[in-house]
Every structure is written in structure tokens, then in C-alpha cells.
Amino acid sequence: MNYDALLAARTENMKASAIRETLKVASQPGIVSLAGGVPDPAGFPLEIIRELSSRVVDKYPEAAFQYGPTEGFPPLREVLSDRLRESGTNVDRDELLIFSGSQGVLDALGKVLISRGDKVVVETPTYLGALQAFNAYGPSYVCIDSDENGPVAASLARALEQNDVKFVYLVPTFQNPTGRTISLERRKEIAELIRFHNVLLVEDDPYSRLRYEGAHLPTLKSMAPDHVVYVGSLSKVFAPGFRLGFAAAPGILARWLVIVKQGVDLHTSSFSQALAAEYLAGGHLDTHVPRLIERYKPKRDAMLKALDLHFPSDFKWSRPEGGMFVWVEGTKGIDMDEVYKRSIVRSVAFLPGRYFFARDGEGRETMRLNFSKADSDSIEQAIRILSEEVDRGSRRSVLAG
Ligand SMILES: Cc1ncc(COP(=O)(O)O)c(C=O)c1O
């Protein structure tokens, strides 16, 4: 049978992702992987999960195992909206919806908002999973420039003046892939711009609680509540396997997200939601997050120290105040795909940065390094090996140039 002929037209936009192959290789035994974006499994709060699991069985013998409302398990919606309010982001309980991972929100937003050819503004580089989610709906991307303080306001202003934009997608805090955070000044400028142009912005915020230093920054949602869909996740501060994400969407957008979700999975796992409700209401998030910070900060420090020590001085890399990633920009001409092929032979994996660019052909000289999964010693050794392969890559590019 010719299965190709059966595929819907939209699959043309959903390029089979080469990144899957890269990550498959990276997860083989014996490889030190700086490639994925996954938490350290040693940081999963297993004891708490064991205790809360039996509590959930006793407390919600029906609701935790029965079909539930598409909007989400009411006690979880309540505690999540309370938490957001406490940290300065006022969201209404009715506005807050639970999804199967924040990835589920991104897909639902694509389905509700994007008609083929609609303009979506993204940072350069941006989160690959958002591109994958949106691509199915055929957007046309307007890429704006970023610097170490986030998207450049003048570039965003130009994009909004010159295009009829459907929405802007940003990861303001400890961005994936760069680890960068939009400064307070820049946040104010962005909030002002989206209000002035009356445009919708999607604020994707899975990492902000993993802050190792510096002051907490207000969300864009708190600065322009009617213009921002806030997207959050419990993957990085609880466990990704529960698949718990959430959205706070203004106006009728919330209702449309619910309609879309109904058709996708009816609702997110009742048991996961009940467990998360107990986790949050019992104050466990507040005790667990400092432990995660204690776990990840030394790994970030080990990575930055090794980069300072071993990487070429004409390369640039980010110095994230939190999150899970360091972003490296090599000198022009170096091809990180080639570096990847050689480093994998030496049992070290990373993610070539080109996957995070909406425009084909950009970012060949960049790499994303994850520091949450491997231990500090392995990170140090991996960076040393990478530096040797990067040096060889640089020499080749000079010879070729
Ligand atoms: C910026 C960003 N958004 C969304 C996600 C998806 O997370 P989840 O679906 O586990 O909530 C990730 C995962 O790494 C991410 O980095």
C-alpha cells in the first residue's frame, strides 16, 4: 500500500525531525549526554510521590480515577491560580486550564489561532518544540533579533509595524535553548509594544522557578494581562512523566482551548492532577525547589568553569542565572553537525543549535548544552572533549575558508 498517498497535506509542514535521531544516539548507554532537556532523575521527589499516591487513593477514590472536567481537576486549578497570584501574576481560577504538558498547550494554541500563512513572531533562536507544535498549522514565521537581554525591542517593533501578526511567542526566563532571561527593562518595553499594537503574546515559562541567583522578575502576563496567554509546566519542578502543564488564557481563548482539548484527550490524567494538587497544597513544591536548585547550581557552575577553561576564547556562551541550558556561539564557518559526529564517537553528545532556528540554514555554528542531567565530573570531562573537537572544527573551517 502507498501510505505516503494517505498522508494529510499538513504533514508536509511537519518535517520528520532529524533531532529524534540525534537524541536517540545521545541516549545510548555509555554516552555522556548534554543533549536532552531533561531533569536529573535523582532529583525526582520519589518519597513524597509514594506518600501522596496513597493519600490520593484515600482522599479521591473516585475523582482521581474517573473521567473529569476538560478544564482540569478543580483543586489543582485552584492551588495553581493561588500560587500564580502569590508570585504576582493575577489569574482568575476560571482562566486557568490544565493540559497534558505545556507542549499540549502549544499545540492547542496552534490549532485555535493559526490559519495557514498566519504570521507568528518568534525569537532567534527559539524553542524547537514550539516550532514543531505550530508547524502543523502552517504559520509563516517572523524572526526577531535577540541579544543577551532577550528579544531586541526595535526588532519586535519593526515586526509588529510591518506585519499583520497573529501572536508573538517568547520564553522570557532561562530560555530554551539559550538560557537567557529578558531583563526587567526589556520586559517593560515588550509589554508596552504588545499593548500598543494590540497583539497577543504567548509567554512560555517552564523554568522560572529554577533560579540559582538574581532577583525574581515579573511575568509578562502580570504586565499585560489581557494580551498574554501564560503557559506553565510542572515538568521541571515535579516530574515530566506526569505530563502536567497549564495555561492562563484571557477572554474567549480559554473557552476555545477547552473545546480543542476536548477533541484531543478529553482531559489530562485525573490521577496526575490529583497528585499534583496534593503536592502543591501540601507545600512540597516549596521544599523541593530549593533541593533542585542545590542540585543544579553546582552543575551549571561546573559547566561554565570548564567552558572558561577549555573553550576557544573567540567563542561566546551564555551565563544563565537559572534553568538547564548554556548556549554556545562558535566562530563563523564551524559546523556543529560535524563536531557532533566526532564527539559522539568519543561518547559525548550535545544538541547542534540549528534545530532552534525557524529559518533553514541558520545557526550552524551554535550548540545547546544541557547541565541538569549529567553529574559535574562528567560535565567537566565532556566539555574538555568537546573543546578538542571544536578546536579541530575551527581549524577545518579556517582551512576551508
Ligand atoms: C520552553 C519549553 N516549553 C515547553 C516545554 C514542554 O514541556 P512539558 O510539555 O513537559 O510541560 C519545554 C520542555 O522542555 C520547554 O523547554
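Residues numbered from 1 in each chain as written. Predicted model: local features only at pLDDT ≥ 70, side-chain atom pairs only at ≥ 80, totals over all residues. Heavy atoms only, no water.

### A closer look at the overall build of the protein chain
Line of reasoning, step 1. Helix and strand content of the protein chain: 13 helices and 15 strands.
Line of reasoning, step 2. Seen through its C-alpha atoms, the protein chain measures out along the principal axes to roughly 65 × 60 × 50 Å.
Line of reasoning, step 3. When the 401 residues of the protein chain are sorted by exposure, 56% land in the buried category.
Line of reasoning, step 4. Restricting to contacts in the protein chain with at least 6 residues of sequence separation, those with at least 24 account for 74%.
Line of reasoning, step 5. Accessible surface, the protein chain as shown: approximately 17,800 Å² in total, 51% of it carbon and sulfur. (Helix = DSSP H or I, 4+ residues; strand = E, 2+ residues; numbered from the N terminus. Buried < 20%, exposed > 50% of the residue type's maximum accessible area, 1.4 Å probe, protein only. Contact = heavy atoms within 4.5 Å. Areas by Shrake-Rupley, 256 points an atom, 1.4 Å probe, with all protein chains shown as cover.)

### A closer look at the packing of aromatic side chains
Aromatic ring pairs are defined here through the distance separating the ring centres and the angle between the ring planes.
Line of reasoning, step 1. Under the criterion given, the structure shown has 14 aromatic pairs.
Line of reasoning, step 2. Between tyrosine 230 and phenylalanine 246, the aromatic rings sit 6.5 Å apart at their centres with planes inclined by 40°, giving tilted as the arrangement. Of this pair, tyrosine 230 sits in strand β9 (residues 228-233) while phenylalanine 246 sits in strand β10 (residues 244-248), placing them 16 residues apart in sequence. The exposure classification of tyrosine 230 matches that of phenylalanine 246, with both residues buried.
Line of reasoning, step 3. Ring centres of phenylalanine 238 and tyrosine 279 lie 3.9 Å apart, and the angle between their planes is 20°; on these two criteria the pair is classed as stacked. Of this pair, phenylalanine 238 sits in the loop between β9 and β10 while tyrosine 279 sits in helix α10 (residues 270-281), and the two are 41 residues apart along the sequence. When sorted by exposure, phenylalanine 238 lands in the same class as tyrosine 279, which is buried.
Line of reasoning, step 4. Taken together, the ring pairs in this structure connect Phe134, Phe167 and Tyr169 into an aromatic cluster. (Phe/Tyr/Trp six-rings, centres within 6.5 Å; stacked < 30°, edge-to-face > 60°.)

### Overview of the pattern of salt bridges
Line of reasoning, step 1. Inspection of every chain in the model, using the stated rule, returns 32 salt bridges.
Line of reasoning, step 2. The shortest N-O distance in the salt bridge between glutamate 321 and arginine 211 comes to 2.9 Å. You can see glutamate 321 sitting in the loop between β11 (316-317) and β12 (325-329) and its partner arginine 211 sitting in the loop between β8 (200-204) and α8 (220-223), a full 110 residues away along the chain.
Line of reasoning, step 3. Several salt bridges share partner residues, and in doing so they unite Arg342, Arg346, Glu388, Glu389 and Arg392 into one network. (Salt bridge = Lys/Arg side-chain N within 4 Å of Asp/Glu carboxyl O.)

### Points about the nonpolar core
Line of reasoning, step 1. Counting residues in hydrophobic clusters, the biggest one holds 71 residues, and the most contacted among them are Leu76, Leu307, Phe311, Leu369 and Ile383.
Line of reasoning, step 2. Residue contributions to this core peak at nine residues, all from helix α11 (residues 284-310).
Line of reasoning, step 3. Structurally, this core is a two-domain feature, drawing no fewer than three residues from each of domain 1 (3-44 + 287-400) and domain 2 (48-284).
Line of reasoning, step 4. If near-sequence neighbours (up to four positions away) are discounted, leucine 307 is found in contact with Trp317, Val326, Val328, Leu369 and Ile383.
Line of reasoning, step 5. Ala133, Tyr141, Tyr169 and Leu257 belong to the second largest nonpolar core, which has 32 residues in total. (Core = buried A, V, L, I, M, F, W, Y, C linked by side-chain atoms within 4.5 Å. Domains from an automatic or database assignment.)

### Focus: the sheet that holds strand β15 (residues 366-370)
The pairing of strands in a sheet happens through backbone hydrogen bonds and is either parallel or antiparallel.
Line of reasoning, step 1. Here four strands make up an open sheet; going across it, the order is β11-β12-β15-β14 and the pairing antiparallel. One side of each edge strand has no neighbouring strand; the edge strands of this open sheet are β11 and β14 (351-352).
Line of reasoning, step 2. Bridging between β12 and β15 involves five bridges; their strand directions are antiparallel. Note on β15: the bridge partner recorded for valine 326 is leucine 369.
Line of reasoning, step 3. Those strands touched by α11 are β11, β12 and β15, and its axis lies near 20° from that of β12. (Pairing = 2+ DSSP bridges. Axes fitted to C-alpha atoms, helices over the stretch in contact; angles between N-to-C directions.)

### What to know about the sheet that holds β9
Line of reasoning, step 1. Strand order across the open sheet formed by seven strands is β2-β10-β9-β8-β7-β3-β4, with mixed pairing between neighbours. Of all the strands in the sheet, just β2 (96-100) and β4 (140-144) have a single pairing partner and so form its edges. When strand polarity is set aside, the average angle formed by the axes of neighbouring strands in this sheet is 25°.
Line of reasoning, step 2. Note: β2 against β10, five bridges, orientation antiparallel.

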